[in-house]
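# Working through the structure, step by step
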Amino acid sequence: MKHAIDGIMFKQMVLHGAAAIALQKQSINDLNVFPVPDGDTGTNMSMTINTAAQELRKLSPETVGQAANVCASALLRGARGNSGVILSLLFRGIAKELKHLEKADGRAFAAAMQEGVAAAYSAVMKPAEGTVLTVSRLASKRAVDVARDNNDVEYVLEEAIKTGCEVLPQTTEMNPVLKKANVVDAGAKGYLVILEGMLAALRGEPLPEISEDAAADKADFAALSAEEITFTFDTVFIVRKTANKPLEGLRAYLSSIGDSLVIGEDDEAFKVHVHTDIPGSALNEAQKYGTLELAKIENMRTQAEDLAAGKKAQSTDDLEDVERELESGALSGPAAPEKRYGFLSVCAGEGIAAVFRDLGVDGIVSGGQTMNPSTESILKEIERTPAEVVFVLPNNKNIIMAAQQCVGMTEKQVVVVPTTTIPQGITAMMNVELEAEPEEILSAMTEAIEHVSTAQITYAARDSDFDGSVIHAGDYLALLGGKLFGTDKDIAVLLRQLAQEAQNENAEFITVFYGEDVSAEEAAQAEAMFSEVCPEAELSMLPGGQPVYYYIVSIE
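Residues numbered from 1 in each chain as written. Predicted model: local features only at pLDDT ≥ 70, side-chain atom pairs only at ≥ 80, totals over all residues. Heavy atoms only, no water.

## Things to note about the overall build of the chain
To keep things clear, this is the line we draw: We count a stretch as a helix when DSSP gives it H or I for four or more residues in a row; a strand needs E for two or more, and each element gets its number in order from the N terminus. When accessible area is computed with a 1.4 Å probe and restricted to protein chains, residues below 20% of their type maximum are described as buried, those above 50% as exposed, and intermediate ones as partly exposed. Whether two residues touch is decided by their heavy atoms; if any such pair falls within 4.5 Å, the residues are in contact. Note on areas: Shrake-Rupley with a 1.4 Å probe; residue coverage comes only from the protein chains shown.
When its secondary structure is counted, the chain shows 22 helices and 18 strands. Per-residue burial over the chain gives 51% buried out of 556 residues. Taking as baseline every contact in the chain between residues at least 6 positions apart, the subset at least 24 positions apart corresponds to 71%. Looking at the chain as shown, the accessible area adds up to about 25,500 Å², and 48% of this sits on carbon and sulfur atoms.

What follows is the structure in structure tokens.
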């Protein structure tokens, strides 16, 4: 049984934990109670810990303190959604406790787990029982208790997990929403999956393999050295079939010009992953079998060189950021303050972004429902904002904690406005008084958003029995104030019900943003219906361009 862990072992534990939750992230996503498409817990926790795995792969940490510190720093910047932020806090506390240690035995690791729990609890305004906080607290308490009699780190972690798994089913009873849906807390489950992966590393079990398709999507450049790279370009592309032509000839050709070949196909298209020195030839040959739809080519040698030099390896995922930097003059550091106040908004949809810019927002962080931005992506935009004080509008309850982590990570003063919807963010910007002090501006914005009701129409991402309503995947869902308002297979029915609710509230101003999946004709029909039901309200119908939500309605 493993008595103590060093830096290399801690690194391996994190890699195992990241692989474990990557394999189970969908089953964790499925525990989410609300059927609305969301930045789901499993995905957010997996993406968060994967940032730490990527950083640790570049290193051979000499001490457990160094490994834990690198892990915590990466998690902090890569944290996505509330579950990702809490996970980063749990590891931040671990790093704090292990900071000066070369190795950690059972007692040291148990104390580190407990310090992680303290960090997480201190950061949550209103800690709720029946969540990852409960499970991590009781698991770490068990770790501390058993470490007094058995100081082996493997035994201590094993006992902590046993207790966590015993407590996990109890979260259903602790939380009324979980009880109604008869599921356990998704964040708590994700945390235990990561711990189980870490324990597997201690036991010497092999690193779990991610599916071949996932591996083909992105090569693991951090694990490669330049000498190990036989072919230069990691090449992935999709071809739409135009004839029922067997792919054996293509497979033979690609094998002759490269390696790491994977071809997946269905009746309509095929996807190729290959390492080669002549990606253009691979694409040309593939077009004999159909129409090229999408291609991604990355230079693995330059990426390996960047990683060896301690730099971030650029990939096609970075193209949007590169273009944005080129357009803005490629700022090499934080933007020098040109004014006292700056404003930053998180949103999706060019129409909505344009409204925020018109209201004086300096920068936009692309994101929202289903794609919660990381702390690092928010921090980058804060640094780009040429102001001493930067107000951040998250516009989503699952992004507020990630934004709050930016406080103290920059020399700029960061003020997070607790906006949970796009209409709240817009109203907050309309109530800014630039002559006031920061706390006065925050107070005015916070007060203003209390008078805004937000309605949204989206679709059900999964079957659910929620609040007594049987919901089927694909049904239209109407939300009001973040709560389920109604479901129907006809979106027009829900629109009329929301319009009637606005009329019942004596709404004076109604603003409707229609999404990317709504045609101009459909939007015109919705506008006519709102005008009919709410004749005395001032109505605005605007193209928001947002994904996920067909309509976002502001009612004041």
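## Description of the packing of aromatic side chains
Selection rule: Ring geometry is summarised as follows: Phe, Tyr and Trp rings, the Trp one being its six-membered ring, pair when their centres sit within 6.5 Å, and such pairs are stacked at plane angles under 30 degrees, edge-to-face over 60 and tilted between the two. To sit over a ring, a charge needs its Lys NZ or Arg CZ within 6 Å of the ring centre and within 35 degrees of the ring normal.
Counting across every chain of the model gives 3 aromatic pairs. Between F343 and F391, the aromatic rings sit 5.2 Å apart at their centres with planes inclined by 15°, giving stacked as the arrangement. Of this pair, F343 sits in strand β7 (residues 339-347) while F391 sits in strand β9 (residues 387-393), placing them 48 residues apart in sequence. Taken individually, F343 and F391 each receive the classification buried, so the pair is uniform in this respect. Between Y476 and Y550 the ring centres are 5.4 Å apart and the planes differ by 70°, which places this aromatic pair in the edge-to-face class. Within this pair, whereas Y476 is found in strand β14 (residues 476-480), its partner Y550 is found in the loop between β17 (538-543) and β18 (551-555), the two being separated by 74 residues in sequence. Take Y550: its relative accessible area is 18%, and that puts it in the buried class. An aromatic cluster is defined as three or more aromatic residues linked by ring pairs; in this entry it consists of Y341, F343 and F391. Here K245 stacks its cationic end above the ring of Y289, 4.5 Å away from the centre of that ring.

## A word on the packing of helix α2 (residues 41-57) against helix α4 (residues 81-98)
Definition in use: Between the N-to-C directions of two axes lies an angle of 0 to 180 degrees, each axis being a line fitted to C-alpha atoms and, for a helix, fitted only over the stretch in contact. Should an angle fall under 35 degrees it is taken as roughly parallel, and over 145 as roughly antiparallel, whereas 65 to 115 is taken as roughly perpendicular and any remaining angle as oblique. Two helices crossing with the near one rotated counterclockwise from the far one by less than a right angle form a left-handed crossing, whereas a clockwise rotation gives a right-handed crossing. In the scheme used here, Gly and all other residues not listed as nonpolar or charged are polar, with Ala, Val, Leu, Ile, Met, Phe, Trp, Tyr, Cys and Pro taken as nonpolar and Asp, Glu, Lys and Arg as charged.
Direction vectors running N to C along α2 and α4 enclose 40°, while the axes themselves pass 7 Å from each other. Comparing their axes, α4 and α2 come out oblique. The two elements α2 and α4 meet at a crossing, and its hand is right-handed. Contacts between α2 and α4 involve T41, N44, M45, T48 and I49 from the former and G81, S83, G84 and L87 from the latter. The residue makeup of the contact of α2 with α4, split by class, is 3 nonpolar, 6 polar and no charged.

## A closer look at helix α7 (residues 153-167)
Residues that lie three or four places apart on an α-helix share one face, since the helix turns once every 3.6 residues. Going by this rule: Helix span, as expected, comes to 1.5 Å for every residue beyond the first.
Over its 15 residues, α7 extends 21 Å from the first C-alpha to the last, a length consistent with the 21 Å expected when each residue adds 1.5 Å. Counting buried positions along α7 gives 11 out of 15 residues, so the element sits mostly inside the fold. Here α7 has its buried residues at V153, E154, V156, L157, E158, E159, A160, I161, T163, G164 and V167.

## A word on the sheet that holds strand β11 (residues 453-459)
So the rule is basically this: Here, any two strands with at least 2 DSSP bridges between them count as paired.
As summarised here, the arrangement of the 6 strands in space is β15-β14-β11-β18-β16-β17, forming an open sheet in which the pairing is mixed. Pairing within the sheet leaves two strands with one partner each, and these edge strands are β15 (483-488) and β17. Along the sheet, successive strands turn relative to each other by an average axial angle of 15°, direction set aside. As judged from the 5 bridges shared by strand β16 (residues 509-514) and β18, these two strands associate in the antiparallel manner. Within β18, the position partnered with I510 by the bridge is I555. Relative to the sheet, helix α22 (residues 520-533) contacts β16, β17 and β18, its axis offset from that of β17 by approximately 170°.

## What to know about the pairing of β7
Stated formally: Orient the strands so they point away from the viewer, and a crossover whose first-strand-to-second-strand path over the helix runs clockwise is right-handed.
The element β7 is largely enclosed, with a buried count of 7 among its 9 residues. As paired strands, β7 and β9 are joined by 6 bridges and run parallel to one another. Across the sheet, the residue bridging to F343 is F391, located in β9. Pairing analysis gives 4 bridges linking β7 to strand β8 (residues 363-366), with the strands arranged parallel. Bridging across to β8, V346 finds its partner in V365. Taken together, β7, helix α16 (residues 350-358) and β8 form a β-α-β motif whose crossover is right-handed.

## Side note on the confidence of the model for the chain
Rule in force here: Each residue carries a pLDDT value, the predictor's own confidence for that position, ranging from 0 to 100.
On average, residues of the chain score 87 in pLDDT, and 88% of them reach the 70 mark or higher. Under a pLDDT of 50 for its full length, residues 212-228 has, in the predicted model, 28 contacts with residues more than four places off or in other chains.

## A few points about the sheet that holds β7
If you trace the 4 strands from one edge of the open sheet to the other, you get β8-β7-β9-β10, paired in parallel fashion. Of all the strands in the sheet, just β8 and β10 (413-416) have a single pairing partner and so form its edges. Pairwise comparison of adjacent strand axes, ignoring direction, gives a mean angle of 25° for this sheet. Sheet strands in contact with α16 are β7 and β8, and its direction is about 165° off that of β7. On top of the sheet, helix α20 (residues 438-449) reaches β7, β9 and β10; it is set at about 15° to β9, its chief contact.

## Comments concerning the nonpolar core
Here is the rule we go by: Here, nonpolar core refers to any group of buried Ala, Val, Leu, Ile, Met, Phe, Trp, Tyr and Cys residues whose side-chain atoms link them within 4.5 Å.
Counting residues in hydrophobic clusters, the biggest one holds 89 residues, and the most contacted among them are I5, F10 and I378. At 11 residues, helix α10 (residues 186-202) tops the list of elements feeding residues into this core. Apart from residues lying up to four places away in sequence, F10 is in contact with I5, V64, A67, A68, C71, F91, I94, L98 and F109. Within the second largest apolar cluster, 31 residues are counted, among which are Y341, C347, I441 and M445.

## Focus on the packing of helix α6 (residues 132-147) against α7
For the pair α6 and α7, interaxial distance at closest approach is 8 Å and the crossing angle is 145°. Here the hand of the crossing between α6 and α7 comes out right-handed. Note on element contacts: α7 touches α6 through Y155, V156, E159, A160, T163, G164 and V167, opposite T134, V135, L138, A139, R142, A143, V146 and A147. Tallied by class, the residues present in the contact of α6 with α7 amount to 10 nonpolar, 3 polar and 2 charged.

## Points about unusual backbone geometry
Positive phi is not limited to glycine here, since N506 has a value of about 55°. As for its position among the elements, N506 is in the loop between α21 (491-504) and β16. Residue N506 is classed as exposed on the basis of its relative accessible area of 62%. Its identity as a non-glycine residue notwithstanding, V548 has a phi of 70°, on the positive side. With respect to the element layout, V548 can be found in the loop between β17 and β18.

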